[in-house]
Amino acid sequence: MGSGFAGLGMAIQLRRRGEHDFVVLERARAVGGVWRDNTYPGCACDVQSVLYSYSFAPNPDWSRRYAPQAEILDYLLRVARDEGVLPHVRLGREVTRAAWDEGALRWRIETRDEAGRVEVEEADALVLAAGALSDPVYPRVPGLERFEGPAFHSAHWDHAAALRGRRVVVVGSGASAAQFVPAIQPRVGTLTLLQRTPPWVLPRRDRARPAWVRRLARRVPATQAAVRRALYVGRELLVAGFRWRAFGRVAEWEALRHLRRQVRDPALRARLTPRYHIGCKRVVVSDDWYPALQAPNVTVADAGLAEVRARSVVGTDGVERPADVLVFATGFRPTSSPLAPLVYGRGGRALADAWGGSPRAYAGTTVPGFPNLFVVPGPNTGLGHTSVLVMIEAQLAHALACLDHLRASGAAALEPRAEAEAAWTRAVDARMRATAWVAGGCTSWYLDATGRNSTLWPDVTWRFRRLVARVRPADYALLGAAAGVPNAPGVALPAADAVARGAARA
Ligand code: NAP
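About the thresholds
- Residues numbered from 1 in each chain as written.
- Predicted model: local features only at pLDDT ≥ 70, side-chain atom pairs only at ≥ 80, totals over all residues.
- Heavy atoms only, no water.
- Helix = DSSP H or I, 4+ residues; strand = E, 2+ residues; numbered from the N terminus.
- Expected span 1.5 Å × (residues − 1).
- Contact = heavy atoms within 4.5 Å.
- Near = heavy atom within 4 Å.
- Polar contact = N/O pair within 3.5 Å; in protein donor to acceptor, adjacent residues only side chain to side chain.
- Areas by Shrake-Rupley, 256 points an atom, 1.4 Å probe, with all protein chains shown as cover.
- Pairing = 2+ DSSP bridges.
- Axes fitted to C-alpha atoms, helices over the stretch in contact; angles between N-to-C directions.
- Buried < 20%, exposed > 50% of the residue type's maximum accessible area, 1.4 Å probe, protein only.
- 1 Å grid on protein atoms, 1.4 Å probe; cavity = no way out; pocket = protein on both sides within 12 Å on 5 of 7 lines; lining within 4 Å.
- Points joined across faces, edges and corners; volume = space filled by probe spheres on them.
- Nonpolar A, V, L, I, M, F, W, Y, C, P; charged D, E, K, R; others polar.
- Parallel < 35°, antiparallel > 145°, perpendicular 65-115°, else oblique.
- Salt bridge = Lys/Arg side-chain N within 4 Å of Asp/Glu carboxyl O.
- Phe/Tyr/Trp six-rings, centres within 6.5 Å; stacked < 30°, edge-to-face > 60°.

**Student:** Honestly, helix H6 (residues 221-237) in this entry has me stumped. Any pointers?
**Tutor:** Because each turn of an α-helix spans 3.6 residues, side chains separated by three or four positions end up pointing in the same direction. With 17 residues, H6 ought to run about 24 Å at 1.5 Å a step, and its terminal C-alpha atoms sit 25 Å apart, in line with that. On its buried side, H6 packs onto helix H5 (211-219), helix H7 (239-243), helix H12 (388-409) and helix H15 (461-468).

In structure tokens:
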């Protein structure tokens, strides 16, 4: 389910292993996930493209250090096409229900197309790859429906809405606003930013990749592989800044220096200075955010949105501000997946009920009571410091190792033991404690309804990769097992790669 980097990544891995019996269900009319949906002006990735790309499909031709959205989407489409997975994609099919059939030991997945036609797919395994940042959140304020001008979310940019000379109000100051505000500021009449919480901003230092670098990367791929490795290691070191306060202060010093250099007015600088520890919210990486906020047609208001009227908005400071166009840069709610209420595991239990408002999964991927279900990206696999594709690829490797394990064992299904998932989650929570991600003095979308950070991986990514690279047979229970298959905690089964080799021979 889902055709972003995770869903297409899984499809590619299956194809590469010679599998053909799989489909990718996509509710939209095109593939691409967040890179299809987010087309706002200035949209780009704030992780270097050499790293924000599949490890198995390097692209020597990135035009810039931080490639823009259209180029990332092109890359994803090209890789999917070259790998032959597009014929497996079924577009315009929204999943309305997925239930584990305990008799058949298979998933039954109901989908609906735009005309309301229902179809049922059956599958041995189900990969929930619908993304954490796929459903936009609008603030719940009175009067939204009364607004007479264009009003839209950054993730559903209305390109037909005229901005030239208009009075534009932007709600929110996260990573999305930081990209489109500088892009639209020169053409709007006025821009009012409703900023509730100023973000930490680090310099971006974006630049075009010279032709000779691209040529070299094409002719000697090892050069780009070396750059990727260096970027990977460099970004992993950033974790220290989120885990240990002393390192966090170094990162804050760098961000404050960036602020001092770019903002001369001490009063404005004070209003743009965050009052929480760096990393508590997603850090913004930008060289043009502060300059845009100081443009003569921009006003920064230290207020949230309280009410919308026909041609104006009212802030939480009680001030009414005129508006022709309203843009919500108010983010997403990754901790309450819209799919969780639609997925039913053993005993007819909904995933949303199993999670109880706080998603959790063994290896960030598998859930007790939900056989052969893989959630990618899953709970506690998000990142604030590097390319999320590192985590996605590690999760896909885990899912494939699980399938190999199943095949070798002769069982029909597998699910993590509840104790194994509990131990995994305890370890994640223990590592999370005292980090900026939970104790940094802010609220953020990283935290779920119970106050737990169920979004981020609280450590370096190589630790995650190592932990999930293999299936630990003792941590999984097998269902519909063939006679004689050991299936008890402590019974040693062959390691996953040995299992894979065995399966390949078979
Ligand atoms: P976000 O980080 O969740 O930011 C939402 C913003 O809206 C916050 O500033 C929030 O203020 C504000 N807000 C919410 N309700 C409001 C209200 N009623 N009045 C005023 N302000 C309100 O959302 P986002 O910027 O779309 O980014 C979401 C995530 O997408 C990022 O964290 C990142 O993971 C990803 N992203 C990545 C890139 C990239 O380059 N890789 C680019 C864009 C987005 P408070 O802080 O006070 O709550």
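Having seen the structure, we can now continue with the description.
**Student:** What am I meant to see in the site of the ligand here?
**Tutor:** Around the ligand, 24 residues are found, and the nearest of them are Asp-46, Ser-176, Arg-196, Thr-197 and Lys-281. A distance of 2.8 Å separates an oxygen atom of the ligand from a polar atom in the backbone of Asp-46. In the environment of the ligand, an oxygen atom lies 2.9 Å from a nitrogen or oxygen atom belonging to the backbone of Ser-173. When the ligand is considered free in solution it has 910 Å² of accessible area, and contact with the protein chains removes 86% of it. Looking at the shell around the ligand element by element, the count peaks at three residues for helix H4 (residues 175-184).

**Student:** Would you explain the sheet that holds strand E13 (residues 305-308) in this entry?
**Tutor:** The antiparallel open sheet is built from three strands, whose spatial order is E13-E14-E15. The sheet terminates laterally at E13 and strand E15 (320-322), the two strands that pair on one side only. Between one strand axis and the next, the sheet turns by 30° as a mean value, whatever way the strands run. When E13 meets strand E14 (residues 312-315), the two strands line up antiparallel, connected through three bridges. Following the sheet pairing, Val-308 is matched in E14 by Val-313.

**Student:** Would you explain the pairing of E14 in this entry?
**Tutor:** Look at any regular strand and the pattern is simple: side chains alternate between the two faces of the sheet. Residues Ser-312 and Val-314 of E14 are buried on one face, and the alternating residues Val-313 and Gly-315, pointing to the opposite face, are buried as well. Taken together, the three bridges between E14 and E15 define a ladder with antiparallel strand orientation. Considered in E15, the bridge of Val-314 is made with Glu-320. The hairpin turn running from E14 into E15, its antiparallel successor, is four residues long, and Gly-318 in that turn takes a positive phi close to 85°.

**Student:** Honestly, the layout of surface pockets in this entry has me stumped. Any pointers?
**Tutor:** Over the atoms a probe the size of a water molecule is rolled, and this reveals where empty space is left. Its boundaries defined by the atoms lining it, the second largest pocket holds a volume of some 890 Å³. Counting only elements with at least two residues in the lining of the second largest pocket, the list comes to helix H1 (5-16), strand E1 (24-25), strand E4 (106-112), strand E5 (118-123), strand E6 (126-128), H12 and helix H16 (496-505). It is H12 that contributes the most residues to the lining of the second largest pocket, five residues altogether. When its residues are assigned to classes, the lining of the second largest pocket shows 22 nonpolar, three polar and nine charged.

**Student:** Mind showing me how you'd approach the packing of H12 against H15 here?
**Tutor:** When two helices pack together, you describe them by how their axes are tilted relative to each other and by the distance separating the axes. For the pair H12 and H15, interaxial distance at closest approach is 9 Å and the crossing angle is 5°. Between H12 and H15, the angle falls in the class roughly parallel. Where H12 abuts H15, its residues Val-390, Met-391, Ala-394, Gln-395 and His-398 lie against Thr-461, Phe-464, Arg-465 and Val-468. Of the residues contributing to the contact of H12 with H15, the split by class is five nonpolar, three polar and one charged.

**Student:** It is not clear to me how the side chain of Gln-13 should be interpreted in this structure. Could you clarify?
**Tutor:** Note on placement: Gln-13 falls in helix H1. Given a relative accessible area of 18%, Gln-13 falls into the buried group. Excluding residues that lie within four positions of it along the chain, Gln-13 makes contacts with Phe-56 and Leu-400.

**Student:** Explain unusual backbone geometry here, please?
**Tutor:** Trans is the common state for peptide bonds, and a negative phi is the common state for residues other than glycine. The linkage connecting Val-376 with the following residue, Pro-377, adopts the cis geometry, with an omega of -5°. If you trace the backbone, Pro-377 turns up in the loop between strand E18 (373-375) and H12. Positioned with a positive phi, Leu-105 is a non-glycine residue whose angle comes to about 55°. Tracing the sequence through the fold places Leu-105 in the loop between strand E3 (94-101) and E4. A positive phi angle is found at Ala-434, which is not glycine, with a value near 75°. Mapped onto the elements of the fold, Ala-434 is located in the loop between helix H13 (418-432) and helix H14 (436-439). Owing to a relative accessible area of 62%, Ala-434 belongs among the exposed residues under this scheme.

**Student:** Sorry, what's going on with the environment of Pro-416 here?
**Tutor:** In this fold, Pro-416 is placed in strand E19 (residues 413-416). Those residues within four positions of Pro-416 in sequence are excluded, and the remaining contacts are Tyr-362, Thr-366, Val-367, Pro-368, Asp-475 and Tyr-476.

**Student:** I tried to follow the pattern of salt bridges on my own but got confused; where do I start?
**Tutor:** Side-chain pairs of opposite charge can arise whenever the charged atoms involved come near each other. Applying the stated criterion across every chain, the model contains 33 salt bridges. With its nearest N and O atoms 3.0 Å apart, the salt bridge here joins Asp-206 to Arg-64. Of this pair, Asp-206 sits in the loop between strand E10 (201-202) and H5 while Arg-64 sits in the loop between helix H2 (34-37) and helix H3 (69-82), and the two are 142 residues apart along the sequence. The exposure class of Arg-64 is partly exposed, given its relative accessible area of 31%. Linking Arg-167 and Asp-324 is a salt bridge whose minimum nitrogen-to-oxygen distance equals 2.9 Å. Note that Arg-167 is positioned in strand E8 (residues 167-171) and Asp-324 in the loop between E15 and strand E16 (325-328), a separation of 157 residues in sequence. Linked through salt bridges whose partners overlap, the residues forming this network are Arg-90, Arg-93, Glu-119 and Glu-121.

**Student:** Where do I start with the packing of aromatic side chains in this structure?
**Tutor:** Any pair of aromatic rings gets described here by the distance separating the centres and the angle formed by the planes. With the rule as written, the count across this model stands at 21 aromatic pairs. Each ring, one from Phe-5 and one from Tyr-54, has its centre 5.1 Å from the other, and the planes form 65°; the classification is edge-to-face. Separated by 49 residues along the polypeptide, Phe-5 in helix H1 and Tyr-54 in the loop between H2 and H3 bring together distant segments of the chain. No difference in accessibility class separates Phe-5 from Tyr-54, as the two residues are buried. Both rings, one in Trp-35 and one in Tyr-52, keep their centres 5.7 Å apart while their planes meet at 75°; by these two values the pair is edge-to-face. One end of the pair, Trp-35, is in helix H2; the other, Tyr-52, is in the loop between H2 and H3, with 17 residues separating them in the sequence. For the pair Trp-35 and Tyr-52, one class covers both residues: buried.

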